[in-house]
Amino acid sequence: MSFMGIGVSQTLLHDQSTFANHISNRGKVNFVIGKVSTVPVSKKSLHFDLELLYTANDLNTIQASRGTLKVYVGIKDSSLVINKGDVISLSSSINPIKATVNPNTFDYKAYLARQNIFHSTYAKSNQVTIIHLSITKTLTTTLQKVKDFAEATIFRYIPDKNKNAVILAMVLGDKTKLSTELKTTYSDTGAIHVLAVSGLHVGIIASILLWILQFFNYRSDYLKMLKIIIVILSIWIYAILTGAAPSVVRASTMFTAFLIGKTIQRDTYIYNILCFTALLLLIYCPYQLFDLGFLFSFLALLGIVFFVPLFQKVLTTKSKFANTILTLIFVATSAQILVGPLSIFTFQKFSLTFWVSGLFVILGAYLILIGSISMIFFEVIGMAIINENILGHLLNQLVGTMNQLLRLLEKLPFCTLSDLYLDYYQIALLYCIIMLLMIFLINKSKLSLCLIGLCIFLYSAQSAYVNSKFKHRSHLTIYGIREATLIDIFDRELLSLKSDNVTEEQINQQAKNYRSSSGFKSSDNTILIDQSNYLINHADILLLVASNDAVYDYKTKPYIDYILLRENFVPDIDRLRHLYDIRGVILDGSSNRAAKKEIHNICNYYKLPVHDTTESAFIIPKNL
């Protein structure tokens, strides 16, 4: 009951939107003053988080406020430079973050809400004023300078973008420089975990420091204690330096507990340390329970701790080298046992080559981390000649070889199973099966075997039901995609209609998961739609896709169920109503705000229902 009470109270305290002075309770806001709380990242725009100090709807009503704002600033043809810690003002409209509009897509609004971010703004560079530069000598600003120096050093000796992006991700936790292609390669081969600073990286740092400071063991107890303090401080500084992601905080906390336990000569039971770490992190931030990084980190470690010793009992050799190879395979496999179902549920794909990539990416990560840290160290002490003649060349070759091997692995047939789908019942049953299997391996209980059999039967029944439902489900979906049109017709096969500006990346983000959940891997046929008009007859429901005035000349039945207006086309609704009996009007992302507003006003006058897909996707035969 005590833990439950702590959990409830911490959850309520963590949700800042309930506070009276939060921006959520300030009404309309178009002017804010705040402190930049994250390092600005520049891509298509400059984006960063702003910790609010004051808000206003005009300059005469400024009041102290709290909350965090997601800020996007247009930087085209601008010399604006913003750094973490700067105090700035913004004179732009502040809006609540919109919920996801397409089914089965990543819920960005919920993701940010767990970080206490509920609002965002898009501003031009001339709407931003820097009030106060970050000049305070704090630990955060000092660490940022260290990070900037390390990044500059890496760029100096590793100029290739695909190579320095990998090193920045591994060493500094900065994944913003990774290209989409490179991320896909690492993801499809099961090596994506080495790009996220985690227990592997913290373990390497700790092992290096323990090896360097091992001579302290032969001195006094005070020196032994000093060694532990140095190691603990170093791994926590590294955790903060790399962004303090859940995986690295989990690893740092566990190493701290382990080292303290060893120092005071107490038994360090790994499951107790794991539970203690999870409890501490959830007390600090309860919403981490829904964070994928948190879940993947703990599930992977739990799988490794539980299954690797079992595998080693079953299969071992007299050769140390062979045992090392087997251990790497066991570690990769054990982690995937618990992480795999959640990965399929989240990303709809599963790598079959994770055990192969694990054989060289873990060793590669170890060498890259040591080499990069050494390179930064030599740069600090003024021995750049070593970096120029030795370390720079070695790291270039090492990272290039690793990237090339992963690209070759990616090209193998059946490297990745994609377009997989698990619903909530299936993912729950899978974890029940795994949990019961773990219980059986501990106590060899026959009841566990019976329950495993029951869960397998229920899983098979649920899978059969889902497949049967897909086969008999015929529907049409109009997605909400910015400045574009995408329509999927689900029947015995999938037919897609899309405008030529719809990219493959947009389809993967906005439609792929829903296609998988509807039983289709990809579109069997794709039709590019232009400024013409199209009449779609699906399950006796007529949808008229209208882009120009030729819509009045359509020779069809005296009724049309729905008309989709696109490309800013504003028809004569009164004339259309005389030609056709229309049930409702649909607007998609290809029309701008002005055209939509005009259509809304006209339809409201004629009491004709309107649906905007940029607010939620439209699924036929669902009614307006």
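Look up a bit, the structure's there.
Summarised in this report is the structure supplied together with it.

Reading guide: rules and limits
- Residues numbered from 1 in each chain as written.
- Predicted model: local features only at pLDDT ≥ 70, side-chain atom pairs only at ≥ 80, totals over all residues.
- Heavy atoms only, no water.
- Buried < 20%, exposed > 50% of the residue type's maximum accessible area, 1.4 Å probe, protein only.
- Helix = DSSP H or I, 4+ residues; strand = E, 2+ residues; numbered from the N terminus.
- Pairing = 2+ DSSP bridges.
- Right-handed = clockwise from strand over helix to strand, strands pointing away.
- Expected span 1.5 Å × (residues − 1).
- Contact = heavy atoms within 4.5 Å.
- Axes fitted to C-alpha atoms, helices over the stretch in contact; angles between N-to-C directions.
- Parallel < 35°, antiparallel > 145°, perpendicular 65-115°, else oblique.
- Nonpolar A, V, L, I, M, F, W, Y, C, P; charged D, E, K, R; others polar.
- Polar contact = N/O pair within 3.5 Å; in protein donor to acceptor, adjacent residues only side chain to side chain.
- Phe/Tyr/Trp six-rings, centres within 6.5 Å; stacked < 30°, edge-to-face > 60°.
- Salt bridge = Lys/Arg side-chain N within 4 Å of Asp/Glu carboxyl O.

1. Focus: the pairing of strand β19 (residues 581-587)
Then comes step 1: Here β19 lies mainly inside the structure; 5 of its 7 residues are buried.
Then comes step 2: Bridge count between strand β18 (residues 559-565) and β19: 6 bridges; the pairing is parallel. Note on β19: the bridge partner recorded for Y562 is G584.
Then comes step 3: This β-α-β element, β18 to helix α18 (residues 573-579) to β19, shows right-handed connectivity.
Then comes step 4: A crossover links β19 with its parallel partner strand β20 (residues 610-612), the connecting element being helix α19 (residues 593-605), and its sense is right-handed.

2. Points about helix α8 (residues 246-263)
Then comes step 1: Helix length check: α8 (18 residues) gives 25 Å between terminal C-alpha atoms against 26 Å at 1.5 Å per residue, within 8%.
Then comes step 2: Along α8, the residues classified as buried are S247, V248, V249, R250, A251, S252, T253, M254, T256, L259 and G261.
Then comes step 3: Those residues of α8 hidden inside the fold are in contact with α6 (199-212), α7 (221-241), α9 (270-284) and α10 (292-314).

3. Details of the environment of G589
Then comes step 1: Take G589: it is sitting in the loop between β19 and α19.
Then comes step 2: Between the alpha carbons of G589 and A484 there is a distance of 5.3 Å; along the sequence they are 105 residues apart.

4. Here's the deal with the sheet that holds strand β17 (residues 541-546)
One key point about sheets: their strands pair by backbone hydrogen bonds, in either a parallel or an antiparallel sense.
Then comes step 1: Pairing within the open sheet is mixed, and its 5 strands lie in the order β16-β17-β18-β19-β20. Among the strands making up the open sheet, the edge pair consists of β16 (534-538) and β20. The average angle at which neighbouring strand axes cross in this sheet is 25°, direction not considered.
Then comes step 2: Here α19 sits on the sheet in contact with β18, β19 and β20, set at roughly 155° to β19.

5. Section: the packing of helix α4 (residues 161-172) against helix α12 (residues 354-380)
Then comes step 1: One can describe the packing of α4 onto α12 by two numbers: an axis separation of 10 Å at closest approach and a directional angle of 85°. The angle between α4 and α12 falls in the class roughly perpendicular. Contacts between α4 and α12 involve I167, M170 and V171 from the first element and A365, I368, L369 and S372 from the second.
Then comes step 2: For the contact of α4 with α12, the residue count by class is 6 nonpolar, 1 polar and no charged.

6. A look at the side chain of K70
Then comes step 1: With respect to the helices and strands, the residue K70 is situated in strand β5 (residues 68-74).
Then comes step 2: The buried category is assigned to K70, whose relative accessible area is 13%.
Then comes step 3: Here the side chain of K70 touches D49 through a polar contact of 2.9 Å, side chain to side chain.
Then comes step 4: Non-local contacts of K70, meaning those with residues more than four positions away in its chain, are made with F48, D49, Y108, L112, I117, H119, S120 and T121.

7. Observations concerning the packing of aromatic side chains
Ring pairs (aromatic) are described by centroid distance and by the angle formed between their planes.
Then comes step 1: The final tally for this structure, using the stated rule, is 16 aromatic pairs.
Then comes step 2: On the basis of an interplanar angle of 50° and a centroid distance of 6.5 Å, the ring pair of F106 and Y108 is categorised as tilted.
Then comes step 3: We classify F106 as exposed; its relative accessible area is 52%.
Then comes step 4: We classify Y108 as partly exposed; its relative accessible area is 34%.
Then comes step 5: Among the aromatic residues, ring-to-ring pairing joins F306, F307, F311 and F330 into one connected group.

8. A look at the environment of A165
Then comes step 1: Here A165 is to be found in helix α4.
Then comes step 2: A165 sits in the buried class, given a relative accessible area of 0%.
Then comes step 3: What A165 contacts, discounting residues up to four positions off in sequence, is D174, K177 and L178.

9. What to know about the pattern of salt bridges
Then comes step 1: Applying the stated criterion to the full structure yields 10 salt bridges.
Then comes step 2: One salt bridge in this structure joins K177 and D174, with 3.4 Å as the shortest N-O distance.
Then comes step 3: Judged by relative accessible area, K177 falls into the partly exposed class, the value being 38%.
Then comes step 4: On the basis of relative accessibility, which here comes to 12%, the residue D174 falls in the buried class.
Then comes step 5: For R583, the salt bridge identified is with D561, shortest N-O distance 2.8 Å. Residue R583 is located in strand β19, and its partner D561 is located in strand β18; the two are separated by 22 residues in the primary sequence.
Then comes step 6: Using a relative accessible area of 39% as the deciding quantity, one classes R583 as partly exposed.
Then comes step 7: Exposure remark for D561: the relative accessible area of 7% places this residue in the buried category.
Then comes step 8: Here the residues in one salt-bridge network are E151, D174 and K177, joined through shared partners.

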